[in-house]
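Spelled out from the first residue to the last, the chains are:
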Amino acid sequence: MTRPRLVRGGAGSGGASSGGAGRPPGGTPPGGEGGAGGGGGATAGPPQLVPGLDQEDERWMRMALDEAMRAAEEGEVPVGAIVVLEGRVLGRGHNRTEATHDPTAHAEILAIGAASTALGDWRLTNADIYVTLEPCAMCAGAIQLGRFRRVIFGPRDPKFGACGSILNVVEAPRLNHQVEVTEGVLAEESRFALRQFFRRLRQQGREVAPGDPFETE
Ligand code: ZN
C-alpha cells in the first residue's frame, strides 16, 4: 500500500520539479550538482502532493525501520537512519543515546558519520538520508552541513522536528544549501513502533515525558 507523501523542493534540485521526485530504479542520479553551487535559487514553494511513485523510497525506508527496530531491542527510542548514494547504502545508524550517555548519538548523526567515513569526504552532495522520524535541529543541521540532496522521513515530530514542524533548518533560504524534503514515507509503521515503545515503557513504570506525541490515545 502506498500512501501519498509530500515533497518540497530544495535549492538547485532542478530535477525535482520537472522529472518528479523519483530516481531511476537503477539508481544512477542525473549529472546535476544537486544544489552545491545553486545557493541563490531556493524554491521553497508550497508543498506538492506526489502520488506514491517512488517505490525506492519505501524500500530504503524499510531498511531504516529495521535500524529503528534494532534501537528498540536495545531499549532506545526507535529511530533509524540510512544514507544512500547512487543506489547503495553508504551508512546506517540507530539511536544510541542511552547506551552511550551521549545526547548527540542520534540515528542520523551515526549514519552520517559512517557514510562520510566510507566515502572519505564530508560532502555528501547527491546522497539521500532516510530517517524514520522527522530530524531534530541537531540532525537537520548535520544534514544541511553535509549538503545532502534529499532528506526523506516518516512522521513529523511535533516536539523536536526541524524539517518543517517547529523549525525548518534544511530549507532555510538564507543558508548556503537547501535540502529537498519528502515526508510521510511509511509514517504509520514508524509511528506504530514509537507508540509500542513508549507503551512498553509505561507498562514497566518507567518515566515518560508528559505530552509525548506518540502516546496512545
Ligand atoms: Zn536528531
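Just so it is clear, the model here is predicted, and its values are computed rather than measured.

1. Details of the pattern of salt bridges
This structure, assessed with the given rule, holds 11 salt bridges. Where Arg123 meets Asp121, a salt bridge forms, and the shortest distance between an N and an O atom there is 3.0 Å. Note that Asp128 and Arg149 form a salt bridge whose closest N and O atoms lie 2.9 Å from each other. Residue Asp128 is found in strand β5 (residues 128-131), and its partner Arg149 is found in the loop between α5 (137-145) and β6 (150-153); the two are separated by 21 residues along the sequence. Like Asp128, the residue Arg149 is buried in the burial classification. Through salt bridges that share partners, Asp57, Asp128, Arg149, Arg150 and Glu180 make up one connected network.

2. A look at the packing of helix α4 (residues 107-119) against α5
α5 packs onto α4 with a crossing angle of 25° between their chain directions and a minimal axis gap of 9 Å. Considering the angle they form, α4 stands roughly parallel to α5. Between α4 and α5 lies a crossing of left-handed hand. Taken together, the residues of α5 that come into contact with α4 (itself represented by Glu108, Ile109 and Ile112) are Met138, Cys139, Ala142 and Ile143. The class makeup of the residues in the contact of α4 with α5 is six nonpolar, no polar and one charged.

3. Description of the nonpolar core
Counting 32 residues, the largest nonpolar core has Val83, Ile129, Ile143, Phe148 and Val170 as the members making the most contacts within it. Where this core is concerned, the elements lending two or more residues are β3 (80-85), α4, β5, α5, β6 and α6 (187-203). In this structure, Trp60, Ala64, Tyr130 and Ile152 belong to the second largest nonpolar core, which totals 10 residues.

Rules behind the numbers
- Residues numbered from 1 in each chain as written.
- Predicted model: local features only at pLDDT ≥ 70, side-chain atom pairs only at ≥ 80, totals over all residues.
- Heavy atoms only, no water.
- Salt bridge = Lys/Arg side-chain N within 4 Å of Asp/Glu carboxyl O.
- Helix = DSSP H or I, 4+ residues; strand = E, 2+ residues; numbered from the N terminus.
- Buried < 20%, exposed > 50% of the residue type's maximum accessible area, 1.4 Å probe, protein only.
- Axes fitted to C-alpha atoms, helices over the stretch in contact; angles between N-to-C directions.
- Parallel < 35°, antiparallel > 145°, perpendicular 65-115°, else oblique.
- Left-handed = near helix turned anticlockwise from the far one by under 90°.
- Contact = heavy atoms within 4.5 Å.
- Nonpolar A, V, L, I, M, F, W, Y, C, P; charged D, E, K, R; others polar.
- Core = buried A, V, L, I, M, F, W, Y, C linked by side-chain atoms within 4.5 Å.

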